[in-house]
Amino acid sequence: MNRAKAWIIFAIGVVLLVALDLWLKYWAEANLRGNPPRVLINGLLGLTYHENPGAAFGLFGGFGGAQWGLSIVKIVILLVLLWYYYKLPLEKKYWLTRVPLIMIFAGGLGNLYDRVGNGIVRDMLEFLFMNFAIFNLADVFVVVGVIALLAFELLVVKDFTGPEKK
């Protein structure tokens, strides 16, 4: 595997995941806003449109400057993810690390796009079996990506201690 192919896969993965996230946000706003919640899986998962003006779980939503501060922090994190992806060795076993990085990057970019473009992040997914925050597909990408990245780094790619040094 060469570096160019790794970046092509990164770009295609990010574009597809961000497109799916933004499509679902658009669909939710058009079809759920002002309407009663919908049940997707009885007792498990539903759809409820919610606009989140803050960070995770609506934190800092009442602070006017928080939007820009959160956006700057997210941009820095995205740049760090790009750097880490670039520095990963090209060996096959590190693809288990590349895939979660693509998911985390796409989720962060999807929510950043929403925050900068709309001033809010559109959420629509809701667990029906517990009282939990309403979230979106980008959040799912980030959470699943982080869990997978930790699992792969700790259990599969144990000998890797960080980006390769040149």
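Just so it is clear, the model here is predicted, and its values are computed rather than measured.

Trainee: Sorry if this is basic, but what is going on with the side chain of Asp-114 here?
Mentor: Topologically, Asp-114 is positioned in helix α3 (residues 95-118). Taking relative accessible area as the criterion, Asp-114 reaches 0% and is therefore assigned buried. Here the side chain of Asp-114 touches Asn-118 through a polar contact of 2.7 Å, side chain to side chain. Among residues more than four places away in sequence, those in contact with Asp-114 are Lys-25, Gly-119, Ile-120, Val-121 and Arg-122.

Trainee: Looking at this model, I keep getting lost on the nonpolar core. Mind explaining?
Mentor: Across soluble globular proteins, nonpolar side chains show a tendency to be buried alongside one another. Residues Phe-10, Val-14, Leu-81, Tyr-85, Leu-101 and Phe-105 are the most contacted members of the largest nonpolar core, which totals 19 residues. Listing elements by their share of this core, those giving two or more residues are α1 (3-32), α2 (66-87) and α3. When residues of this core are assigned to their parent elements, the largest contribution, seven residues, is made by α3. When neighbours within four sequence positions are excluded, Leu-81 is seen to be in contact with Leu-101, Ile-104 and Phe-105. If you look at the next biggest cluster of nonpolar residues, it comprises 11 residues, including Met-124, Leu-125, Phe-135 and Leu-137.

Trainee: How should I be thinking about a nonpolar patch on the surface in this particular structure?
Mentor: On the surface, a nonpolar cluster with roughly 540 Å² of combined accessible area is contributed by Leu-40, Ile-41, Leu-44, Phe-129, Met-130 and Phe-132. For Phe-129, a relative accessible area of 48% puts it in the partly exposed group.

Trainee: For this particular structure, what's the right way to read the environment of Ala-106?
Mentor: With respect to the secondary-structure elements, Ala-106 resides in helix α3. Using a relative accessible area of 0% as the deciding quantity, one classes Ala-106 as buried. A sequence separation of 90 residues divides Ala-106 from Leu-16, and the C-alpha atoms of the two residues are 8.7 Å apart. Ignoring anything within four residues of it in the chain, the contact list for Ala-106 reads Val-14, Leu-17 and Val-18.

About the criteria used
- Residues numbered from 1 in each chain as written.
- Predicted model: local features only at pLDDT ≥ 70, side-chain atom pairs only at ≥ 80, totals over all residues.
- Heavy atoms only, no water.
- Helix = DSSP H or I, 4+ residues; strand = E, 2+ residues; numbered from the N terminus.
- Buried < 20%, exposed > 50% of the residue type's maximum accessible area, 1.4 Å probe, protein only.
- Polar contact = N/O pair within 3.5 Å; in protein donor to acceptor, adjacent residues only side chain to side chain.
- Contact = heavy atoms within 4.5 Å.
- Core = buried A, V, L, I, M, F, W, Y, C linked by side-chain atoms within 4.5 Å.
- Patch = residues over 30% accessible without salt bridge, like charges linked within 9 Å, V, L, I, M, F, W, Y side chains within 5 Å.
- Areas by Shrake-Rupley, 256 points an atom, 1.4 Å probe, with all protein chains shown as cover.
- Salt bridge = Lys/Arg side-chain N within 4 Å of Asp/Glu carboxyl O.

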